[in-house]
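# Coordinate analysis (summary)
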Amino acid sequence: MPASSFSISVPDAMARSDFYPGAPAVTVCQTHTAWVFLAGEHAYKVKKPVRMEFLDFSSLDRRREVCREELRVNCALAATLDMRLRSVVADGDAYALAEADVPDAVEYVLQMRRFDEQRTMAALAGRGELGDADVRAVAGRIAEFHAAATVIETCDPAGDVTRAWDHNARELLALADDETAQRVLAADRFAGAFLVAHRHVLAARAGAGRIRDGHGDLRAEHVVLEQPLAIIDRLEFDARLREIDVADDLAFLVMDLERLGAGDAAGRLVAAYRDAGGDPGSDELIAFYGAYRALVRAKVDLLRATQLDDPVQPAVARADAHALLDLAEHFAWRARGPLVLAVSGPPACGKSTLAGELARRSGWPVLSSDAVRKQADGLELSARAPDERYTPAARATIYSELGVRAAAAVERGESVIVDATFGQAPLRALFLDGLGAAGRGRLRAIECCAPAALRERWARERTAHDAHGSDADPAIAARLAADHSGWDELAAVAIIILRTGVGGELLAGQVADWLDTTAGGYTAMGAAGFEPATSRG
């Protein structure tokens, strides 16, 4: 009987218990490209008849071909799941499972042993039960897989990555609203700058055989922590999407763990991968690829939102996509580091507000002179510090402490935002001494400025919360502004001057673009960054 004469479709039939021997209960899951039916001891995966820019499952022959490829490529990492190719055939007025090679198949199915979904890396991370031994086992298995994977020869690794970013950005923009489009374009600018700065790194990694036929879709839900460990759903529909730097492959899982709130596990995964002999490159390279993978997943969620008929689920998918855009931005900032970003300016000029917005976007911690001052006395940030905390000697101690703490962050490979006026040369000198040579090479300065009338109004109208710990009233703010000087110790390329009378999001975007294109945010400037500035435009 032709499939067109049936009253229900193959997926509808497979969602029913009576399709399977023993009539087990059936759970149906779906992605933007497949249905998965969980029935009894097995799982059955059926490709959706879809055609997109990056894949084509529109014909039965193509779905058979892709199923065969999926079976082949998953043997190395998921052999214990006993995968096999089956077909669906007409059986009277119903459908039934059959062997893969029957001539009258109406659909093709990948059958595999059903594993315990509570033992995936995603489920364990979600419950807070992902232990060190689990992370080490996963890292070791991935490193072993990468070591045995086919080396891909490429003459233009940076070009290949650029094309992948561009391709994904175009697909994202086709699905994006205006706000999302602006964020995608900002991410694209970041990627372009990073690739220019790291072209030689990518070429060296390609020359060292770090481009391999990898997994291509290494998500936490695809890692099954059974004995032996299995990793499923290796990407099958386009081999070129698997032929990537091992850092890119690993970064997908790093990103997914971060998405699940398991950032510590993500860091331990990278360290354990190195310990197992893998070469993921620098933390900045992992962060770059993490940003890319978050954008890929954002695209998938936006695609999913267009396919769901439920009135609630499309909104959930779009919310997931926006959270992934936030995560991509965090990774992009991480790839710019490690940096010490000094946000300076006279009191009530908006510098603390900007520092907070930069922290929200980047995930970097803020070291505030006001917070350090009040922590010394065990005071709440909104409480007023005693006058003795504002003597020249006390202020000197605070700036030295800010420098030492910022230096410690850089030594750990981390970035930090330092929020202080930095308005007097002797205090800046103490900060630089505490920062040390390595930290000074990572220092970038933002000078916030606003008209005196606006600063006076902000100082007069702000509440204790708005002041972010500052005790400067209008009179003190005016006095400190009159004595304020800029970062004459730094070369002009290490400084940006911002007019802070506009929104924090716009200013943060300007800082990101400046770091990417002007300030050399990816490479330490060394001692040259501390020659006196010759221009301050």
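The coordinates are above.
My aim in this report is to walk through the structure given alongside it, one point at a time. (Residues numbered from 1 in each chain as written. Predicted model: local features only at pLDDT ≥ 70, side-chain atom pairs only at ≥ 80, totals over all residues. Heavy atoms only, no water.)

Turning to the overall build of the chain, a few remarks are in order. Along the backbone of the chain there are 19 helices and 17 strands. Burial status across the chain gives 52% buried among its 537 residues. Put simply, of all contacts in the chain between residues at least 6 apart along the chain, 71% involve residues at least 24 apart. (Helix = DSSP H or I, 4+ residues; strand = E, 2+ residues; numbered from the N terminus. Buried < 20%, exposed > 50% of the residue type's maximum accessible area, 1.4 Å probe, protein only. Contact = heavy atoms within 4.5 Å.)

Of note, the bond from Gln227 into Pro228 is cis; its omega dihedral lies within 30 degrees of zero at 0°. Among the structural elements, Pro228 can be located in the loop between strand S10 (223–224) and strand S11 (230–231). In the segment running from Gly337 into Pro338, the intervening peptide bond is cis, with an omega of -5°. In this fold, Pro338 is placed in the loop between helix H12 (313–336) and strand S13 (340–344). A positive phi angle, near 50°, is found at Phe422, a position not held by glycine. Tracing the backbone shows Phe422 in the loop between strand S15 (416–419) and helix H16 (425–440). Residue Phe422 is classed as buried on the basis of its relative accessible area of 1%.

Turning our attention to the environment of Ala220. For Ala220, the position within the fold is in the loop between strand S9 (211–213) and S10. Taking relative accessible area as the criterion, Ala220 reaches 0% and is therefore assigned buried. Ala220 sits 37 residues away from Leu257 along the chain, and the two C-alpha atoms are 6.7 Å apart. When sequence neighbours within four positions are dropped, the list of residues in contact with Ala220 reads Thr120, Met121, Ala122, Leu253, Asp256, Leu257 and Leu260.

A few words now on the sheet that holds S15. In a beta sheet, neighbouring strands are held together by backbone hydrogen bonds and run either parallel or antiparallel to one another. Overall, parallel pairing links the 5 strands, which are arranged S14-S15-S13-S16-S17 in an open sheet. Single-partner strands in this sheet number two, and they are strand S14 (366–368) and strand S17 (495–499). Here the average twist between neighbouring strands, direction ignored, is 20°. In terms of strand pairing, S13 meets S15 through 4 bridges, oriented parallel. Note on S15: the bridge partner recorded for Val340 is Val416. Strand contacts of helix H13 (residues 351–362): S13, S14, S15, strand S16 (443–449) and S17, with the helix running at about 170° to S15, the strand carrying the most contacts. (Pairing = 2+ DSSP bridges. Axes fitted to C-alpha atoms, helices over the stretch in contact; angles between N-to-C directions.)

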